[in-house]
Amino acid sequence: MPKQKLQWITDELSSLKAQGLFTNIRTLESPQGARITVNGESKLNFCSNNYLGLANDPRLKKAAQDAIERWGVGPGAVRTIAGTMSFHTELEERLAKFKGAEATISFQSGFTANLATIPALVGKGDLIFSDALNHASIIDGCRLSRAKIIPYKHNDVDDLRRVVAENSPFNKALLVTDGVFSMDGDIAPLDKLVEVAEEHGLIFMVDDAHGEGVMGHGGRGIVDHFGLHGRVDVEIGTLSKAFGVVGGYVAGARAIVDWLRQRGRPFLFSSAVTPADVAACLAAVDILENSTELVDKLWENGRYFKAHLQGMGFDIGMSQTPITPVMLGEATVAQKMSQRLFEEGVFATAIGFPTVPRGKARIRVMLSAAHTKTDLDEGLQIFERVGKELNII
Ligand SMILES: Cc1ncc(COP(=O)(O)O)c(C=O)c1O
């Protein structure tokens, strides 16, 4: 009977609710921005990855509208079969120039970029050395590849050296890490990791989802931040965060990009993003190439907010970027805090297992260039009030 067949799901959902791990998805009645509307009420928004405030930028919207007029609304089918619009190719060329990479290939999302790339580079019999806190899309890409996955302790180069030595000799191996870790806001030691990769002939791959538009000169990413152009084989990028739109891409050596056009399964078997998305991304590249203003503002906001939260006594973990985790421990506490913040006018979601390890639940504050100083001060006052009420500070 179907009802009995699915009873386990109902039980699991009830269990998630009891543990404070059930995600309630808020419905927004406004575009993404520093403030959003929920249930008819304006809330300060500390939840989006819209780092530069581009998701509702008039220049991107105009570009998208014009593109619909010229190119229509859909790509037709997968690019290898229906042909590729010159527009998609133009975006890839512009992104390569922006990143200082030989070539790029675009995907539907950062997630699919990881799923495409890892299985195309390594397979059965190969090894993957993977940071223990890598993003789910890296983990899934690793699993799909059927290579042996060997985790090393988070950001611990000595531990990486240990596992590489323990597993030597090997045939082909990949070293993969997030650039900026999305839940803690800390940065991978790319300058040290690249040395290990070069010493042992590892293919070196960095997921720059949270470094794109944030790190490096004018947001050119983490490889630019460390000055490692040409030494990191593969960079995964997303157009869904700082770029304010949707999509993903891989930047790297032309040979790798050419290979992904032949063997990247989400490229071969799933349609590309729409012309409106491409146009908006091109407008975002224009903005980033012309000025560092938004990136500078994001960092200024990050420094200001973090310093004040710390001053109040909140534990903000090991963040080195505008991503600001407010560490709370138990998932139920994080959910309670998120609920109270919301009632007071701040949208800041609680994050618990499986997104972060059990017992490390937190509120993750995502700052943006769109926030004004007034927004930040208002948010800080509410954090202080609710933190005291719940005996967190
Ligand atoms: C490190 C990392 N990689 C990839 C992704 C997926 O990006 P997208 O939303 O473009 O699929 C995310 C999104 O949270 C991420 O944090």
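The structure displayed is predicted, hence computed values, not measured ones.

**Student:** Could you give an account of the overall build of the protein chain, with specific residues and numbers?
**Tutor:** A count of helices and strands for the protein chain gives 16 helices and 13 strands. Taken over C-alpha atoms, the radius of gyration comes to 21 Å for the protein chain, in line with the 21 Å a tight globule of 393 residues would show. Each principal axis of the C-alpha distribution contributes one length, and for the protein chain these read about 55 × 55 × 55 Å. Put simply, the protein chain has 393 residues, and 54% of those count as buried. Considering only contacts within the protein chain whose residues lie at least 6 apart along the sequence, 71% involve residues at least 24 apart. Here the protein chain displays about 17500 Å² of accessible surface, and carbon together with sulfur accounts for 52% of that area. If you average the places of the 42 positive and of the 47 negative side-chain charges in the protein chain, the two averages end up 4 Å apart.

**Student:** Summarise helix α7 (residues 136–145); cite the residues concerned and give the values.
**Tutor:** For α7, every residue scored as buried is listed here: Ser137, Ile138, Gly141, Cys142 and Ser145. Angularly, the buried residues of α7 cover 140° about the axis, an arc narrow enough to put them on a single face. In α7, the exposed positions that point more than 90 degrees away from the buried face belong to Arg143 and Leu144. Looking one or two places after α7, you find Arg146, whose phi comes out positive at around 70°.

**Student:** Outline empty space enclosed by the protein, listing residues and values.
**Tutor:** A complete count under the given rule lists 2 cavities of 30 Å³ or more for this structure. Each pocket or cavity is described by its volume, and for the largest cavity that value is around 50 Å³. Lining the largest cavity, in full, are Arg79, Ser106, Phe107, Gln108, Pro266, Phe267, Ser270, Ser271, Ala272 and Val273. For the lining of the largest cavity, the secondary-structure elements that each account for two or more residues are β3 (103–107) and α12 (265–269). Here the lining of the largest cavity is composed, by residue class, of 5 nonpolar, 4 polar and 1 charged. Taken as a whole, the second largest cavity holds about 40 Å³ of empty space.

**Student:** Provide a residue-level description of the pairing of strand β10 (residues 323–329), including the pertinent values.
**Tutor:** Taken across its 7 residues, β10 has 6 buried, putting it largely inside the fold. When β10 meets strand β13 (residues 361–366), the two strands line up antiparallel, connected through 6 bridges. Among the inter-strand pairings, Pro325 is bridged to a residue of β13, identified as Arg364.

**Student:** Any details on the packing of helix α6 (residues 110–121) against helix α11 (residues 254–263)? Residues and values, ideally.
**Tutor:** Contact geometry for α6 and α11: axes closest at 10 Å, N-to-C directions at 100°. Between α6 and α11, the crossing angle belongs to the class labelled roughly perpendicular. From α6, Ala116, Thr117, Ala120 and Leu121 reach across to α11, where they touch Ile256, Trp259, Leu260 and Arg263. Of the residues assigned to the contact of α6 with α11, the class counts are 6 nonpolar, 1 polar and 1 charged.

**Student:** Provide a residue-level description of the packing of helix α3 (residues 58–71) against helix α13 (residues 275–290), including the pertinent values.
**Tutor:** Close contact between α3 and α13 brings their axes to 7 Å; oriented N to C, the two are set at 140°. On the basis of their axis angle, the class for α3 and α13 is oblique. As α3 runs across α13, the sense of the crossing is right-handed. Residues Arg59, Leu60, Ala63, Ala64, Ala67, Ile68 and Trp71 of α3 form the contact with α13, whose participating residues are Pro275, Ala276, Ala279, Ala280, Ala283, Ala284 and Ile287. Class assignment for the residues of the contact of α3 with α13 results in 13 nonpolar, no polar and 1 charged.

**Student:** Please give an account of unusual backbone geometry that cites residues and values.
**Tutor:** Most peptide bonds take the trans configuration, and most residues that are not glycine carry a negative phi. Of note, the bond from Ser168 into Pro169 is cis; its omega dihedral lies within 30 degrees of zero at -5°. You can see Pro169 is positioned in the loop between α8 (157–166) and β6 (173–178). For the bond running from Phe353 to Pro354, omega is 10°, close enough to zero to count as cis. Among the secondary structure elements, Pro354 is positioned in the loop between β12 (350–351) and β13. In this structure, Asn155 takes a positive phi of about 55° despite not being glycine. Turning to its location among the elements, Asn155 is positioned in the loop between β5 (148–152) and α8.

Each value, and the rule that gives it
Residues numbered from 1 in each chain as written. Predicted model: local features only at pLDDT ≥ 70, side-chain atom pairs only at ≥ 80, totals over all residues. Heavy atoms only, no water. Helix = DSSP H or I, 4+ residues; strand = E, 2+ residues; numbered from the N terminus. Rg over C-alpha atoms; globule rule 2.2 N^0.38 Å. Buried < 20%, exposed > 50% of the residue type's maximum accessible area, 1.4 Å probe, protein only. Contact = heavy atoms within 4.5 Å. Areas by Shrake-Rupley, 256 points an atom, 1.4 Å probe, with all protein chains shown as cover. Lys, Arg positive; Asp, Glu negative; His and termini not counted. Charge placed at Lys NZ, Arg CZ, Asp CG, Glu CD. Arc of directions from axis to C-beta. 1 Å grid on protein atoms, 1.4 Å probe; cavity = no way out; pocket = protein on both sides within 12 Å on 5 of 7 lines; lining within 4 Å. Points joined across faces, edges and corners; volume = space filled by probe spheres on them. Nonpolar A, V, L, I, M, F, W, Y, C, P; charged D, E, K, R; others polar. Pairing = 2+ DSSP bridges. Axes fitted to C-alpha atoms, helices over the stretch in contact; angles between N-to-C directions. Parallel < 35°, antiparallel > 145°, perpendicular 65-115°, else oblique. Left-handed = near helix turned anticlockwise from the far one by under 90°.

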